[in-house]
Amino acid sequence: MDFFNSDMVHTGFKIAGWAIVFGGLVYIPFRRSPTAAQAWILLFFFLPWVALPLYLVFGNARHPKWRRERITRLPAILERTIAEISHRSPTGVDVLKTRHRITARLVERIGHLPPVHGNEIDLDGDYNRVVDRIAADIDRAEHHAHLCFYILQDDEAGNRVLRALERASARGVKCRLLVDAVGSSIDRHRIRRRMKKAGVEMHLILPWRFLNGATRLDLRNHRKIVVIDGKIGWVGSQNMHRIEYEPKTFYRELMARVTGPVVLELQAIFVGDWFLETEEDIGSADILPHETTREAAVGSGTLLQVMPTGPDFPDTGVDVLFTDLIHTARRKIALATPYFVPNEELLNALSTAVAKGVDVDLFLTGTTNSLLIDLAQSSYYEDLLEAGVKVYLYRERFLHAKHLSIDEDIGIIGSSNMDRRSFELNSEVTLVAYDKAVVDKLRTIERDYRSKSRRLSLEDWRQRGLTRQIAENATRLISPLL
């Protein structure tokens, strides 16, 4: 008798398969949100032998033990930098409206950084100009240049920044560079050799390793941060690669250039990220400039606040802020994101806002660069349209910008998408501006989006083919896992 075709082996596989299913039923719900747990259990039920290795690799949104040990030491590292920020610049909570004061406290509770006075902010959505401006700021650096990017490539755009770092290092500026090991996987080794030769200190964020404290491929640092001399900062959605990242796909982004005390908050995030990769505490006083004084900052400039989120800040995610802000809106909400796979709370918040009479615009890219995300994202369109949300599909380029405006006086610019990856898995950075002038600039950008977008109608959307609807519904079942 052929043992491998025997009934005993067949029965053994069936029993093992059911054991995997029941094990998933017991284990998964305790470590997942209800929607994510349901998606995993569904996958375990239908494909247990596929689900088990996927869950072992991607199912637990936790860093390995060695990383968690560093995270426990992170608050002490950040505390010194944050204390220095508070000493040099007053917080701005007291001057905010009551509802904004609550928001500021929530942001500080999540990311541990307060709102600060005395800043200037410039929004720039011109892709190539942003690259040139960042390179020019590096060229003006006198003491240090700190950069953190999810994607940095050795192409015409990335090279402009890399050459600026080489020039800065050659004149004695301390240059530190962090790039995500997966996001920048194509060119990371070549760039690292080049930077080492130039004297630029570069580290990969969470390089994948299988043994000795394995790291996960899907827990990534998605931030885009530039800090020059502790005086100039950049934050937003734009990576450092050419505008045509995929063939015939041209990116549209939004970045914020900031000066003032808020730059020190970006500096604090970089200090934390640097420590997590190197165990080196670079948060000394010499990277915090002395020009900002309490007297000069009080009541002046734009009130800004930075919020880091991600597995390194495990208390809660950026989705809590988005959902809370949407609930506070009284007149107008405009949201731009390339990836929209919302959780139930965010979806309900948008629907509730419309029911209260709030005008809600949602700007999405016409086609994403992922078929699964395309299907999952579009599975929510009918719900949104029925609720009264105005959905605009941007046609001119790939809309990669990520921002949110609430009424006339709160604007959000950052690196976070509206999906589970940004809510739970990625390290993100969000800039909150409590300022009408910033919202006015966002409104101008939104009007341009609207002029270059196709507005979806509920009637037209319902005419899509049955095959497409089935594919959307099937993908939606696993959307909490995307």
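So, how was this worked out
- Residues numbered from 1 in each chain as written.
- Predicted model: local features only at pLDDT ≥ 70, side-chain atom pairs only at ≥ 80, totals over all residues.
- Heavy atoms only, no water.
- Pairing = 2+ DSSP bridges.
- Helix = DSSP H or I, 4+ residues; strand = E, 2+ residues; numbered from the N terminus.
- UniProt positions renumbered as here; feature names shortened; annotations may be inferred.
- Contact = heavy atoms within 4.5 Å.
- Buried < 20%, exposed > 50% of the residue type's maximum accessible area, 1.4 Å probe, protein only.
- Right-handed = clockwise from strand over helix to strand, strands pointing away.

A. Here's a closer look at the sheet that holds strand 14 (residues 398-399). The strand order across the open sheet built from three strands is 7-8-14, with neighbouring strands paired in mixed fashion. The open sheet is flanked by strand 7 (244-246) and strand 14, the only strands paired with a single partner.

B. How the structure looks around the UniProt feature "domain: PLD phosphodiesterase" (unreviewed entry) in the protein chain. Per the UniProt entry, the sites bearing "domain: PLD phosphodiesterase" (unreviewed entry) are residues 217-244 and 395-422 in this numbering. In residues 217-244, helix accounts for 0% and strand for 39%; the two terminal C-alpha atoms are 25 Å from one another. Split by type, residues 395-422 is 11% helix and 39% strand. Its first and last C-alpha atoms lie 24 Å apart.

C. Expanded view of the environment of L404. On the secondary structure map, L404 appears in strand 15 (residues 403-406). Along the primary structure L404 and A336 are separated by 68 residues, whereas in three dimensions their C-alpha atoms are 6.4 Å apart. Setting aside its immediate chain neighbours within four residues, L404 contacts F322, L325, I333, A334, L335, I410, G411, I412 and L442.

D. Examining the pairing of strand 12 (residues 359-365) more closely. Judged by how many residues are buried, strand 12 sits mostly within the fold: six of seven residues are covered. Each parallel crossover has a hand, and the one from strand 11 (residues 332-337) via helix 12 (residues 344-355) to strand 12 is right-handed. Where strand 12 and strand 13 (residues 390-394) come together, five bridges link them in parallel fashion. In the strand pairing of strand 13, D361 is matched with K390.

E. Layout of the pairing of strand 16 (residues 410-414). Across the five residues that make up strand 16, a large majority, five, are buried. With burial as the criterion, each face of strand 16 is covered, one bearing I410, I412 and G414 and the other bearing G411 and I413. Relative to strand 16, strand 15 is paired through four bridges, and the arrangement is antiparallel. Residue pairing across strands places I406 opposite I410, the latter belonging to strand 16. Hairpin remark: strand 15 followed by strand 16, antiparallel, with three residues in the connecting loop; positive phi at D407, about 50°. Strand direction decides the pairing type here: strand 16 and strand 17 (residues 428-433), joined by four bridges, are antiparallel. What sits directly across from G411, in strand 17, is A433.

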